[in-house]
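In case you want the letters, here they are:
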Amino acid sequence: MAASIGMMDSAYFVGRGEILSWINATLHLNLSKVEEAASGAVQCQMMDMIHPGVVPMHKVNFDAKTEYDMIQNYKVLQDVFNKLKIEKHIEVNKLVKGRPLDNLEFLQWLKRYCDSMNGGIINENYNPVERRCKGGKDRNIKGSYKSSKLLHANNTDNGMCVDESSGPKGRHKSDMSSGANSVGEIQALQQEIMDLRLSVDDLEKERDFYFGKLRDIEILCQTPEVEDLPEMSLAIKKILYAVDAKVSALGEAQEILTKSGDDVAASDAQD
C-alpha cells in the first residue's frame, strides 16, 4: 500500500494545520510547526501506536537536537519499515535539516498510511504519554516541557528556592535580566514569524505548481480526439513530468497530439 501513494495522491494536499492537529491530538503533544517533528521521534511513536510491540521505544530519543541523534531515530524507523515490509525510502538527510516542505511531505505520507491501517480507527487503549515515559531516554518534548518549566517557576515563587536576589541589588539585576530576556523573546518571535511566512510562500508555490499540472491534464482530456490518439500517454507524461513551474507544457503535449492526428489522417488517405 505504501508504495502506491504517488505524488499526485490526495494525501499530499493535506494542509499543515490538519497535520499538526492530528499529531497533537493523537500523541498528546503541542507542536506548532511541522519541522518540530524533524527528529523522527514523532514518526516512530505513530508507528508504535499503529503496530504495538514493533517499535523499540527505548531507542527513540525525543530530546534529539543534533543531526547525529536524529539520524539514530530514523534508523529505528527504517528498521521498523523493513520489518513491516513498507517500501518507503526515508530522505533522512533532508528531514534532519528541518526544512518545512520536506517534513510536511513525509508527515502527509505518514498520516495517509496511519489512516489506511485498521480503517483509520485509533487504538483507545494506547497511552502516548506513558509510552514516551517508559522509553528510557530523555523525553523533553514540547507539551511536557512547558509543564516542567511552569512547575519550576511555581516552586521559585513559593520560596522553595532562595538566593541573593531578594535584596535591592538582586532585584535590580533581576529587572535587567528580565529586560534582556524580553528583547530576546521578541527577536525569537520575529524570526519565527519570518520563518512561517517563508513556509507559507513555499507551500503556496507548491500547491499552485501541482494544481497547474492537474488543470492542464483536465483541459487536454476534454478534447474529442483523446480516445482515438495512441500518443495520449506520451502527451500526458509530457505534462506530468514537466519541471518548470513557470512554463506550461500543455502546448508541447498538444503538438504531440496534433502530429499524431496528422499521421493518422495521412495513413487513412493512403489507404
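Treat the numbers as computed from the prediction; the structure is a model and nothing was measured.

Mind showing me how you'd approach the side chain of T26 here?
Counting through the fold element by element, T26 comes out in helix α1 (residues 16-27). Reaching out from T26, the side chain makes a polar contact with the backbone oxygen of W22 at a distance of 2.6 Å. Beyond its immediate sequence surroundings of up to four residues, T26 is in contact with M46, M49, I122 and P128.

What should I look at first to understand unusual backbone geometry in this one?
Across the chain, the bulk of peptide bonds are trans and the bulk of non-glycine residues have phi less than zero. With a phi close to 55°, H28 is a non-glycine residue in the positive phi region. Turning to its location among the elements, H28 is positioned in the loop between α1 and α2 (41-50). The backbone of K85 sits at a positive phi, close to 60°, despite the residue not being glycine. The residue K85 is located in the loop between α3 (67-83) and α4 (92-95) in this model.

Explain the environment of L110 to me, please; I cannot follow it from the model alone.
Position of L110 relative to the elements: it lies in helix α5 (residues 100-116). Considering only alpha carbons, one finds L110 and M47, 63 residues apart in sequence, at a separation of 8.8 Å. Other than its neighbours up to four places away in sequence, L110 contacts W22, Q43, M46 and M47.

Rules and cut-offs
- Residues numbered from 1 in each chain as written.
- Predicted model: local features only at pLDDT ≥ 70, side-chain atom pairs only at ≥ 80, totals over all residues.
- Heavy atoms only, no water.
- Helix = DSSP H or I, 4+ residues; strand = E, 2+ residues; numbered from the N terminus.
- Polar contact = N/O pair within 3.5 Å; in protein donor to acceptor, adjacent residues only side chain to side chain.
- Contact = heavy atoms within 4.5 Å.

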